[in-house]
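Given next are the chains, with one letter for each unit.
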There are 4 protein chains.
Amino acid sequence: MPLITARSNGVFTISATPFAEDGSLDLDSTDRLTDFYVKEDASGLTILGMMGEASKLTQPEARTFVERVIGRVPDLPVVVGVSASGLVAISELTKAAMDAGAAGVMVAPPPSLTTNETIEAYYTNVVDAIGTDVPLVLQDFPLSTTVPISTATLGRIFEAHPSIVMLKHEDWPGLEKISALRKAEAEGRRRTAILCGNGGMFLPEEMARGADGAMTGFCFPRMMADVCKLMTAGEIEHARDIFDAYLPLVRYEQQPGVGLAVRKYVFHARGVIASSKIRAPGAPLAPAAVAEVETLIKRQEARLADLCG
Amino acid sequence: MPLITARSNGVFTISATPFAEDGSLDLDSTDRLTDFYVKEDASGLTILGMMGEASKLTQPEARTFVERVIGRVPDLPVVVGVSASGLVAISELTKAAMDAGAAGVMVAPPPSLTTNETIEAYYTNVVDAIGTDVPLVLQDFPLSTTVPISTATLGRIFEAHPSIVMLKHEDWPGLEKISALRKAEAEGRRRTAILCGNGGMFLPEEMARGADGAMTGFCFPRMMADVCKLMTAGEIEHARDIFDAYLPLVRYEQQPGVGLAVRKYVFHARGVIASSKIRAPGAPLAPAAVAEVETLIKRQEARLADLCG
Amino acid sequence: MPLITARSNGVFTISATPFAEDGSLDLDSTDRLTDFYVKEDASGLTILGMMGEASKLTQPEARTFVERVIGRVPDLPVVVGVSASGLVAISELTKAAMDAGAAGVMVAPPPSLTTNETIEAYYTNVVDAIGTDVPLVLQDFPLSTTVPISTATLGRIFEAHPSIVMLKHEDWPGLEKISALRKAEAEGRRRTAILCGNGGMFLPEEMARGADGAMTGFCFPRMMADVCKLMTAGEIEHARDIFDAYLPLVRYEQQPGVGLAVRKYVFHARGVIASSKIRAPGAPLAPAAVAEVETLIKRQEARLADLCG
Amino acid sequence: MPLITARSNGVFTISATPFAEDGSLDLDSTDRLTDFYVKEDASGLTILGMMGEASKLTQPEARTFVERVIGRVPDLPVVVGVSASGLVAISELTKAAMDAGAAGVMVAPPPSLTTNETIEAYYTNVVDAIGTDVPLVLQDFPLSTTVPISTATLGRIFEAHPSIVMLKHEDWPGLEKISALRKAEAEGRRRTAILCGNGGMFLPEEMARGADGAMTGFCFPRMMADVCKLMTAGEIEHARDIFDAYLPLVRYEQQPGVGLAVRKYVFHARGVIASSKIRAPGAPLAPAAVAEVETLIKRQEARLADLCG
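Residues numbered from 1 in each chain as written. Chains lettered and ligands numbered in written order. Predicted model: local features only at pLDDT ≥ 70, side-chain atom pairs only at ≥ 80, totals over all residues. Heavy atoms only, no water.

- An unreviewed UniProt entry lists chain A under the name Dihydrodipicolinate synthase family protein, from Psychromarinibacter halotolerans.
- Under the UniProt heading Sequence similarities (unreviewed entry), the note attached to chain A is "Belongs to the DapA family." (UniProt positions renumbered as here; feature names shortened; annotations may be inferred.)

### Observations concerning the pairing of strand E7 (residues 193-196) of chain B
Residue and element names in this part refer to chain B.
Phase 1 of the analysis: Covered by surrounding structure in E7 are Ala193 and Leu195 together with Ile194 and Cys196, the residues of both alternating faces.
Phase 2 of the analysis: Relative to E7, strand E6 (residues 164-169) is paired through four bridges, and the arrangement is parallel. Looking at E7, one finds that Leu167 is bridged to Ile194.
Phase 3 of the analysis: Since E6 and E7 lie parallel, the crossover through helix H7 (residues 175-186) that links them has a hand, and here it is right-handed.
Phase 4 of the analysis: Of the strand pairs in this sheet, E7 and strand E8 (residues 213-214) are connected by two bridges, and their pairing is parallel. Note that in E8 the partner of Leu195 across the bridge is Gly213.
Phase 5 of the analysis: Handedness of the E7-helix H8 (residues 203-209)-E8 crossover: right-handed. (Buried < 20%, exposed > 50% of the residue type's maximum accessible area, 1.4 Å probe, protein only. Helix = DSSP H or I, 4+ residues; strand = E, 2+ residues; numbered from the N terminus. Pairing = 2+ DSSP bridges. Right-handed = clockwise from strand over helix to strand, strands pointing away.)

### Quick notes on the sheet that holds E8 of chain B
The strands making up a sheet associate through hydrogen bonds between their backbones, and the pairing can be parallel or antiparallel.
Residue and element names in this part refer to chain B.
Phase 1 of the analysis: On the basis of which strands lie adjacent, the closed barrel formed by eight strands has the order E1-E2-E3-E4-E5-E6-E7-E8 and parallel pairing.
Phase 2 of the analysis: Pairing of strand E1 (residues 10-14) with strand E2 (residues 44-47) involves three bridges; the strand directions are parallel. Residue Phe12 lies in a different strand from E2, and its bridge partner there is Gly44.
Phase 3 of the analysis: Packing against the sheet, helix H3 (residues 87-100) makes contact with strand E3 (78-81) and strand E4 (104-107), and its axis sits at approximately 155° to E4. (Contact = heavy atoms within 4.5 Å. Axes fitted to C-alpha atoms, helices over the stretch in contact; angles between N-to-C directions.)

### Some thoughts on helix H9 (residues 221-232) of chain A
Residue and element names in this part refer to chain A.
Phase 1 of the analysis: Here H9 contains 12 residues, and its C-alpha end-to-end distance of 17 Å stays within 8% of the 16 Å for a straight helix at 1.5 Å per residue.
Phase 2 of the analysis: Of all the residues in H9, the buried ones are Pro221, Met223, Met224, Ala225, Val227, Cys228, Leu230 and Met231.
Phase 3 of the analysis: Where H9 is buried, its residues touch strand E1 (10-14), helix H1 (27-39), helix H8 (203-209), strand E8 (213-214) and helix H10 (236-253).
Phase 4 of the analysis: Two residues or fewer past H9, Gly234 is found with a positive phi of approximately 85°. (Expected span 1.5 Å × (residues − 1).)

Here you go:
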């Protein structure tokens, strides 16, 4: 039961939540998907994130899913998204997740927050509710949450709450933010880990700016693992060559609301999950999009063959 | 176990959810508050609305509260707010509520809806999920939901789903919308009940435009019951005299986020509920506001004494 | 050519912009409307605010209107709304207004601002653009601008820019904000004037909290002047009696988008302006609303007669 | 003085607006930039778009810029962005632009529009204001305008207003929208041209779905011209090879607010414009970003050399 720390790094793949055709949780597919992520070299997992359709699960379903995944990979750090509209629900799911062996929990700001003071107060409330001993990931994703958090506000929150050990960074644009956070640390603020989202769209630049890895759901997670390792090892051109080979698909996946459908399609097509079902109001990938994705994968494979050639 | 229909009318008071000082559900206060609403001449109750802090309850708490209230007043129609981020949660709470004897359920549109087509599709999904036999109230409150619904879109939704028997109207401005809905009914569309929110701020005008009553949480519910009855009876000047006497407090309560604190303060001050506790991030009424509310109530009583004089 | 200062007070009526039936500026009606405001005991005027349809005027029209109004009342302080999407336009209109004899200018934050830092930077840009010698009013109206500004952020902006001498306060809820700003001044921060908007809906409470007056467009401005004077003189019950008599109409006017139509209707009905024309996409008051307004005015007059009786 | 039509196609490059270091319009750089676009194989130009900092220009500056550009390339179709907060301003700039020889004008919906009915009414107002003889481009860019327009709503607007001959498509995700619009045309609705924005991020897929070209500002416009031509000629793999070579930079440029800084940096670095000045609150490219852009361009050139090799 490892815990995340401010030194965690690598790729924490955001996991999809597999459903059967009738919309119920599919736990066998969950096992296979978890195994797939491990095989693709994930350093950790993040479950019940936005891409995990967390908001469409009931509270008992969420607990069932958490226990299943962590039970499958007890030695891998698993971060559990616990964002909810009420602090009691956040607190209860956190307790269940940590009891099950989670490595930490992740909370995004609710859309009602409108000023830096209300954002700061919110994370104080969250830390009070879940306890200062639970490693916490702050998810900074304004395109989805509608809550922009400035670098200075993030800094004050990090200062106030040592249990926030990690930033899930997906502000957009967000490169200067990584540099500014690292600069503040160089000037004395305690360190937080920074794992980046946005589907991996800026991964080489993010790593060069000081990120520690990725926390996102691109359907070929090994690309992210390779790029992170190569960037860390200073093999920058090689990292970029690999990244560029996957970029056309990364870009396609990054369309809001489309990414999950692409990922479930790909996982289903490869036999990882039994159904590409998305709970309403989500929809499966349209036929024209399926053809586009297949084209992109085919070109991607050819390009990778060239690179290795 | 009465059900709401398109002919329901009167005042369905929006109920607060009482908490103990430690933040847990206070079921004894719930009984007293329910009794208070009945004594104040409520035609029905609406529980787990936004003012009922529904989004801060866990799913088991919500069910406990529903059962307690309905058990207390089995002959009064009780509408249960079941809005949630996922359809499965909506469906489960609806089933629990209807099994407990609810008169119907209420659903507001989630903030992700952005076009008339997505709004219409959402209510189709909801009706599919809960079943066409459950009387449904559509809550139209754009200031809070961020989802404006045009009169024509409402009309298409009502045509498509006969189980939507009631509109909780709190668009602002919203008077022309009532007139337009009633006009469409005069021209042949089936009827829906219209109960108005917004704290009662426009109750005389809303009744004159064709509303059937109020569904809101003003802390002197009898005022609303009296105004509705007098307007219906054609005693318009009398209705307005009473309304005007309460208007300074109605206006004060109508400040976003302040209303609930005023109501819990007043209910607590009168001994109806044991604590004015609001779950975080809500806050109790500030001292200066307490003084303002007391001043308004004192003047209100004097004015009412004059009227009855 | 008086200038506003941090000690300005009283009622700065927000002026409508009169148009002829063909939509062109009506300068004769402008003269009569200006005279009307003076007769109603305005301490100053604010022109080209949101209610003045400023965003629908071309830049030359704005300058023509400014010169006409100030030319009519050269001894009355006239604040000119200069909000625009670009700083060059703000700067040019400010120069034209101050050259014409304006008492100061007013700027609201543009909707693109999302954090306290960007809001603070914006007012630095504005002050740089217009010069530190121009008295500036900061308009804090989140319901319309979509930019919430916390009390602490306001404080930092006031500290940084002594030329910001006045706050147009229309945050909602906003009473605690007035108290907090006055408290900071009691603890040493320099003073700013606070004139309140929101149609006057909370004028007695605002004055009691420390506001200096009103800056809003209620169509019976004398009510606001009387309430401000009586509150300042400590005749609080008398002030509230007058306020309550007008409150049903104040409330009606405060419906977003409806207020201007009510005001132009009333001014036209009384012969102050030649047409109640509003530039598209605005619309004149609907017939049912006209009847509602007339009813409210009739009851208002009766109530005032009672009070004076 | 060519006019755009429903059969227009190719690349209408969105032009930047060059400023001198002191922030004034730089008309000599404007000439060079216009020449550059022509040399890069632009089929047309679009000026005073969002990327053209249109909202930061005064009305006289806008007219000066329009006349300069059109005067430089009198035979090239030039679309002029005329979005403004008031219809009178839209109408005046449209008249000035068409008098100067523009090929048409472009209007985006203002953020105040909230329902399909208000969006439809807005375009009726616009067409009434500018006249039915002016070719109009509807800009559909919800990420920036905050106004989502459904495919069905677009269809009704196109049916109602034959003068709307072109859609600037930058909904995101937006591929299904192109397919749906073309399907409606196949079933009998009149044709509109569809030129795509979003920095060219989805250009191959957009062309395959039926788009007629691009209207966006990527700083190597010839890429877009080549991809459009190759896609139209059925040389799809070749088109994708070229596209993929530029994609890392396209992606980088597509960061909101960063794109313009990248473009002005690149144009300045190549000697096309005299300064990379952006009017406040815009900022020039940060040093770390400059290095990132240079790296991307270097790799892009190597990749293109490989392709041609």
